[in-house]
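Residues per chain, in single letters:
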Amino acid sequence: DVGVHVENISKSYGAGESRTTVLDKVSLTIRKGEFVSVIGPSGCGKSTLLKVVAGLSGADSGRVMINGKTVREAAKDKAIGLVPQAPALLPWRTILDNVSLPITVNPGANRGRNLRDPKELLRSFGLGHAIERYPAQLSGGMQQRAAIARAFVFDPEILLMDEPFSALDEMNRDQQRMGLLDFWQSNRKSVLFVTHSVPEAIILSDRIVLMAAHPGRIAEIIDVDLPRPRN
Ligand code: ADP
Ligand code: ADP
């Protein structure tokens, strides 16, 4: 039971006439250290799936197991790292304080977990020179890298990312992708990565989950067998 097992997840929103099924019996497995991207048209349930796997939203039926634990247990153990669509850094705190925030606000949470040094993490993401700066003094790409670094603080077993590069221009996206790939190659985590970019999914993933809409379901799972580009 190592890895992430999404088993028969269904979810609807609304009630009565307006009740709509957003996820219809979605099942998928992310093996340990595997990078899985989810692509599909807008509204097919990608974010909803991610929220269910993160434990932020409940499913109507089915279950998610993370290394043999329920999502609730895994979340309590800080085993789930989440990178939101927008970097969500606190503007009045330095980059270092932002990345240290998970530790600051969860003083007991380091018990039994391997904490990563926020400074080290920022250095690995090429932000060593920026740790004392404030978010507004950094480019969008740098801010997003800081948000990714923050998700690694508790050394999570799975990393969930919801279109983390969608706000960046194409040049910047390319650079951030490569930075993420580089870091991930030396810090193999199970990753569930939502994107609407096919090239991005191909560059980053071991497998691509193609979703279809109305209701959201898995249409196809594609193994990517390409040599990974090197930075
Ligand atoms: P995607 O990320 O693929 O664009 P979402 O998971 O955001 O898709 O949304 C899937 C569908 O569910 C959409 O039709 C959206 O409007 C609807 N939806 C998402 N969240 C909610 C919610 N909290 N309440 C009602 N409808 C929702
Ligand atoms: P839950 O955990 O209750 O299943 P979410 O956490 O996904 O729901 O969403 C919380 C709230 O956000 C919903 O109650 C809804 O009001 C609102 N919401 C988010 N996305 C949408 C959407 N696409 N359409 C309608 N409402 C939405």
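You'll find the structure just up there.
On a predicted model such as this, the values are computed, not experimentally measured, just so you know.

(A) The arrangement of the pattern of salt bridges in detail. Across all of its chains, the model carries 13 salt bridges by this definition. In this structure, the salt-bridge partner of arginine 177 is glutamate 170, at a minimum N-O distance of 3.5 Å. Taking the shortest distance from any N to any O, the salt bridge between arginine 177 and glutamate 200 comes out at 2.8 Å. Pair noted here: arginine 177 is in helix α6 (residues 170–186) and glutamate 200 is in helix α7 (residues 198–204), with a separation of 23 residues, a long-range link. The class for arginine 177 is buried, based on a relative accessible area of 3%. Three or more residues joined by partner-sharing salt bridges are found here, namely Glu170, Arg173, Asp174, Arg177 and Glu200.

(B) The arrangement of the site of ligand 2 in detail. Around ligand 2, the neighbouring residues are Lys11, Tyr13, Lys51, Leu56 and Ser57. Within the contact set of ligand 2, an oxygen atom lies 3.1 Å away from a side-chain nitrogen or oxygen of serine 57. Contact with the protein chains hides 25% of the accessible area of ligand 2, taken as 560 Å² for the molecule alone. Residues that form the shell around ligand 2 fall into these classes: two nonpolar, one polar and two charged.

(C) Quick look at the sheet that holds strand β6 (residues 80–83). Taken together, the six strands give an open sheet; going across it, the order is β6-β7-β8-β3-β9-β10, and neighbouring strands pair in mixed fashion. Whereas interior strands pair on both sides, the edge strands pair on one side only; in this sheet they are β6 and β10 (217–223). Across the sheet, the axes of successive neighbouring strands diverge by a mean angle of 20°, strand direction being ignored. Where strand β9 (residues 207–212) lies against β10, six bridges are found, and the strand directions are antiparallel. Its bridge partner being in β10, isoleucine 208 is matched across the sheet by isoleucine 222. Helix α1 (residues 46–54) contacts β3 (35–39), β6, β7 (158–162), β8 (190–194) and β9 of the sheet and is inclined by roughly 150° relative to β7.

(D) Structural detail: the site of ligand 1. Near ligand 1 you find Tyr13, Val22, Pro41, Ser42, Gly43, Cys44, Gly45, Lys46, Ser47 and Thr48, and these make up its full shell. Cysteine 44 places a polar main-chain atom, nitrogen or oxygen, 3.2 Å from an oxygen atom of ligand 1. Contacts to ligand 1 include serine 47, whose backbone N or O atom sits 2.8 Å from an oxygen atom. Starting from 560 Å² of accessible surface for ligand 1 in isolation, the protein chains cover 55%. The greatest single-element share of the shell around ligand 1, amounting to three residues, is contributed by α1.

(E) Structural context of the packing of aromatic side chains. Summed over all chains, the structure comprises six aromatic pairs. Their ring planes at 85° and their centres at 5.3 Å tell us that phenylalanine 35 and tryptophan 184 sit as a pair that is edge-to-face. Of this pair, phenylalanine 35 sits in strand β3 while tryptophan 184 sits in helix α6; the two residues are 149 residues apart in sequence, bridging distant segments of the chain. The exposure classification of phenylalanine 35 matches that of tryptophan 184, with both residues buried. Centroid distance phenylalanine 125 to phenylalanine 152: 6.1 Å. Interplanar angle 45°. Geometry classified as tilted. Placement of phenylalanine 125 in the loop between α4 (118–124) and α5 (140–151) and of phenylalanine 152 in the loop between α5 and β7 is noted, with a sequence separation of 27 residues between them.

What counts and how
- Residues numbered from 1 in each chain as written.
- Chains lettered and ligands numbered in written order.
- Predicted model: local features only at pLDDT ≥ 70, side-chain atom pairs only at ≥ 80, totals over all residues.
- Heavy atoms only, no water.
- Salt bridge = Lys/Arg side-chain N within 4 Å of Asp/Glu carboxyl O.
- Helix = DSSP H or I, 4+ residues; strand = E, 2+ residues; numbered from the N terminus.
- Buried < 20%, exposed > 50% of the residue type's maximum accessible area, 1.4 Å probe, protein only.
- Near = heavy atom within 4 Å.
- Polar contact = N/O pair within 3.5 Å; in protein donor to acceptor, adjacent residues only side chain to side chain.
- Areas by Shrake-Rupley, 256 points an atom, 1.4 Å probe, with all protein chains shown as cover.
- Nonpolar A, V, L, I, M, F, W, Y, C, P; charged D, E, K, R; others polar.
- Pairing = 2+ DSSP bridges.
- Axes fitted to C-alpha atoms, helices over the stretch in contact; angles between N-to-C directions.
- Contact = heavy atoms within 4.5 Å.
- Phe/Tyr/Trp six-rings, centres within 6.5 Å; stacked < 30°, edge-to-face > 60°.

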